[in-house]
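Summary of structural features
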Amino acid sequence: MKLTRIIIACFCFTLLLMNTQCDDDDVVSIPCDQTVVVDNGFYETAESNMYEVGNIVFNDNCLSIEISASGCDGNSWSMVLVDSGNVAESSPEQRYLKFVLTNQEVCLAFISQERSFDLTPLQIDGSNEIILNIEGFPESLTYNY
């Protein structure tokens with residue numbers, strides 16, 4: 001009789017433990033490829049090779065950008081999103097950025113790649129959105145966090 005109670009108690013404890021181990025509501029976030037760089041000196045001096053902007057999508061705190069440019073296969077491309085460090089005190093606040101592509105490939109093919117950039121370093125305390133003005137992009141982007 002006592003052994004049966006111990007077995008039942010162990011079984012119930014195991015079920016309770018298994019119930020707390022996994023939560024179906026857990027959000028799995030996909031990490032960004034890179035983090036935005038906040039550096040005014042780099043922002044002021046950075047020069048980019050020519051590119052065309054394709055799809056731009058926010059995924060949580062990541063900004064995914066599709067870039068197309070001439071090249072062989074795009075494996076040697078370097079892509080950086082750099083912020084000037086300056087914040088325009090408007091409502092909502094605004095930040096100024098540049099997308100910098102370094103492309104040393106000399107081929108006639110037209111290649112597309114997508115990269116994502118973690119925008120959390122751009123967040124401002126007391127605010128939940130920022131207007132992103134990316135040089136060369138046709139329109140400003142609103143980043144909500």
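Positions within a chain are numbered from 1, following the residues in the order the chain's sequence is written. Local features in this predicted model are restricted to residues whose pLDDT is 70 or higher, and side-chain atom pairs enter the listing and the counts only when it is 80 or higher, whereas totals over whole chains, interfaces and linings include all residues. With hydrogens and water set aside, each side-chain value is computed from the structure's full complement of heavy atoms.

**Focus: the state of the cysteines**
Any two cysteine sulfur atoms lying within 2.5 Å of each other are counted as a disulfide. Enumeration according to the criterion identifies two disulfides in this entry. Each sulfur in the disulfide pair Cys-72 and Cys-107 lies 1.8 Å from the other. Taking the torsion about the S-S bond as the criterion, the Cys-72 to Cys-107 disulfide, at about 65°, is right-handed. Here the residue Cys-72 occupies a position in the loop between strand 4 (62-70) and strand 5 (78-88), and Cys-107 occupies one in the loop between strand 6 (93-102) and strand 7 (110-118), the gap between them amounting to 35 residues. Assessed through its relative accessible area of 29%, Cys-107 is described here as partly exposed. Ordinal numbering of bonded cysteines along the chain defines a disulfide pattern of 1-2, 3-4. Put simply, DSSP H or I for four residues or longer makes a helix, DSSP E for two residues or longer makes a strand, and each gets a number counted from the N terminus. Burial classes follow relative accessibility: with a 1.4 Å probe on protein chains only, a residue under 20% of its type's maximum area counts as buried, one over 50% as exposed, and anything between as partly exposed.

**Considerations on the sheet that holds strand 6**
Strand pairing is defined by DSSP finding a minimum of two bridges between the two strands. Pairing is mixed in the open sheet, where five strands are placed in the order 2-5-6-8-9. Edge positions in the open sheet fall to strand 2 (37-38) and strand 9 (141-144), since each of these has one partner strand only. Inspection of the sheet shows strand 8 (residues 129-134) paired to strand 9 by four bridges, in the antiparallel sense. Bridge assignment links Ile-131 to a residue of strand 9, and that residue is Thr-142.

**Focus on the pairing of strand 9**
Of the two faces of strand 9, the one lined by Leu-141 and Tyr-143 is fully buried and the one lined by Thr-142 and Asn-144 carries no buried residue. Connecting strand 8 to the antiparallel partner strand 9 that follows it, the hairpin turn spans six residues, and Gly-136 within it adopts a positive phi of roughly 85°.

**Observations regarding the sheet that holds strand 7**
Read from one edge to the other, the open sheet built from four strands follows the order 1-7-4-3, with strand pairing classed as mixed. Each end of this open sheet is capped by a strand with a single partner; those strands are strand 1 (34-35) and strand 3 (52-59). Across six bridges, strand 3 lies against strand 4 in antiparallel orientation. In the sheet register, Ile-56 faces strand 4, and the bridge partner there is Ile-65.

**Digging into the packing of aromatic side chains**
Only rings of Phe, Tyr and Trp enter the pairing, Trp through its six-membered ring, and a pair is recorded when the two centres are within 6.5 Å. The plane angle decides the type: under 30 degrees is stacked, over 60 is edge-to-face, the rest tilted. Taken as a whole and judged by the stated rule, the model has four aromatic pairs. A centroid spacing of 5.2 Å and a plane angle of 75° characterise the contact between Tyr-51 and Phe-99, whose relative ring orientation is edge-to-face. Pair noted here: Tyr-51 is in the loop between helix 2 (40-45) and strand 3 and Phe-99 is in strand 6, with a separation of 48 residues, a long-range link. A residue is classified by how much of its surface remains accessible, and Phe-99, at 3% relative accessible area, is buried. With 5.9 Å between their ring centres and 5° between their planes, Phe-58 and Tyr-143 make a pair best called stacked. In this pair, Phe-58 sits in strand 3 while Tyr-143 sits in strand 9, placing the two residues 85 residues apart along the sequence.

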